[in-house]
Amino acid sequence: MQDLAIYGGKPAINASEIKNWPPIDKTDEELVLAALHEKSQARSTYTALLEKEFKAFSETAYAYFCNCGGAALHMCIAGCGIGAGDQVIVTSYTWPSSASCILHNMAVPVFVDIDPETFLMDPAKIEAAITPRTKAILVVHLHGLCCDMDPIWAIAKKHQLKIIEDACQAHNALYKGKKAGTLGDCAAFSFNQNKCMTSGEAGIFVTNDREIFDRGMTLTGFSDMQPTKAAPEFPAYAFAHKFANNEITAAYALAQLRKFPGYYQQLIDNAHALHEELLKAKLKGLKLPYEPANCTHNWYNYNLRIDFDAIGMGAKTNAEKSQFRNAVCKALQAEGVICGVWQRCILPEMTIFRAKNAYGHGYPWAVPGADDGVDYAPANFPNAVKYCYSHIAIVQILRAPNDTTMARKVAEAIKKVFTQLEKIDPAKIS
Ligand SMILES: *Cc1c(COP(=O)(O)O)cnc(C)c1O
């Protein structure tokens, strides 16, 4: 067995072999340069083209290209008419933007635990979280895997709730053949650097519902929108944020959108190649990601999990398990694998939620009645807590233009580390 790189051995992967994400070529250069030479770099030709082509891609009727996925999520919340004192149900294991968008419109997030097999909101936990104030379920198709929508659709219908999709990581992720972004009333996608479709930074708000679109759009101006006869009351009409993006970014996003099918297929091929190798290796202490039969994962993140029971560490504290996981992650990084801990704690444990204070003076929780039935105690989210201390996320190294040769090298590096787990000593790895 070769010495682990973290203890001075030769790394399994040479850093210079790894190619950068996203691939840049003539398509990007020509479109960006053309946008730069247009008369205006504020919303015009290339933004319109991008929105048109993204609508076709996402199979939605309305789209607005904004400055980030978080802004698009905020437009979803406002678009659904959610405002002060309302509650929105959301998963406890996600990116903070999935819940801060709710706060931005003065509403209160109500968290639910995840399914231990995937890492997605557990539909069986949703009904217990519903109160008379609940207006929507915000589903997060995390790591590019769609939520289990059949039971969520049934609950939303029964309780007359809107469904908002955080599809920021879910470009072309499928549920029963249907695309993320068409599984609810409206959706947000991100074009941040780390996403499967990127323009450095940007986001897009999409929906098939004209009314939701118009209400969401009220956030994009200068707080000068007037209520109209058609929509007499916009909950946020006097409170805009200027979410517009620009032509150069739109042109870059357009280039990446046009090249997306190839990148998407490469990522799936790479994830499958890695998965196959790891399945064959049957490594003790390694739990592989699970793709339900009715879903097509886009493999935004390929997540490993450490099975602490299998390696006799079941009785250790969460903090000790977390330290061990961090050391394993560092050992993989030393082998040349680009990986990391994607989220160290559940959202309810983050400062803003523990303090229940976003706008000052305890708002929005201080809105009378808004906090009813809301309990952020971590003990309510055991599966999410476990996921946080046991996972390692593999991201960029599986993206195009890296191919299955690289994916197999990643598998070799993982095998090298997981066959020597007994040598991983957190005290020696800082
Ligand atoms: C990245 C991300 C966002 C926010 O997207 P930005 O473009 O960075 O604002 C929201 N939700 C999830 C799940 C994300 O991964």
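Residues numbered from 1 in each chain as written. Predicted model: local features only at pLDDT ≥ 70, side-chain atom pairs only at ≥ 80, totals over all residues. Heavy atoms only, no water.

Description of the packing of helix 3 (residues 69-79) against helix 6 (residues 210-217)
For any two helices packed against each other, one specifies the inter-axial angle together with the distance between the axes. Packing of helix 3 against helix 6 brings their axes to within 7 Å, and their N-to-C directions diverge by 120°. With respect to each other, helix 3 and helix 6 are oriented oblique. Crossing geometry of helix 3 relative to helix 6 is assigned as right-handed. Between helix 3 and helix 6, the contacting residues are Met75, Ala78 and Gly79 on the first element and Ile212, Arg215, Gly216 and Met217 on the second. Looking at the contact of helix 3 with helix 6 residue by residue, the class counts come to 4 nonpolar, 2 polar and 1 charged. (Axes fitted to C-alpha atoms, helices over the stretch in contact; angles between N-to-C directions. Helix = DSSP H or I, 4+ residues; strand = E, 2+ residues; numbered from the N terminus. Parallel < 35°, antiparallel > 145°, perpendicular 65-115°, else oblique. Left-handed = near helix turned anticlockwise from the far one by under 90°. Contact = heavy atoms within 4.5 Å. Nonpolar A, V, L, I, M, F, W, Y, C, P; charged D, E, K, R; others polar.)

Here we look at the pattern of salt bridges
Two side chains with opposite charge may pair up if their charged atoms get near one another. In the structure shown here, the tally under the stated rule is 18 salt bridges. One salt bridge connects Lys259 with Asp28, and the closest N-O pair in it is separated by 2.4 Å. Here Lys259 is found in helix 7 (residues 247-281), whereas its partner Asp28 is found in helix 1 (residues 26-36), with 231 residues between them in sequence. The two residues Lys259 and Asp28 agree in class, both being buried. (Salt bridge = Lys/Arg side-chain N within 4 Å of Asp/Glu carboxyl O. Buried < 20%, exposed > 50% of the residue type's maximum accessible area, 1.4 Å probe, protein only.)

Describing the sheet that holds strand 4 (residues 134-140)
The strand order across the open sheet formed by 7 strands is 1-9-8-5-4-2-3, and the pairing between neighbours is mixed. Edge positions in the sheet fall to strand 1 (62-66) and strand 3 (108-112), since each of these pairs with one other strand and no more. Mean inter-strand twist for the sheet, computed between neighbouring axes without regard to direction, equals 20°. Inspection of the sheet shows strand 2 (residues 87-91) paired to strand 3 by 5 bridges, in the parallel sense. Its bridge partner being in strand 3, Gln87 is matched across the sheet by Val108. Across the sheet, helix 3 is in contact with strand 1, strand 4, strand 5 (162-166), strand 8 (186-190) and strand 9 (203-207); its angle to strand 8 comes to roughly 170°. (Pairing = 2+ DSSP bridges.)

Quick notes on the UniProt feature "active site" (unreviewed entry) in the protein
The UniProt feature table records "active site" (unreviewed entry) at Lys195. Tracing the chain through its elements places Lys195 in the loop between strand 8 and strand 9. Discounting chain neighbours no more than four positions away, the residues touching Lys195 are Trp21, Cys168, Gln169, His171, Ser190, Tyr300 and Arg399. (UniProt positions renumbered as here; feature names shortened; annotations may be inferred.)

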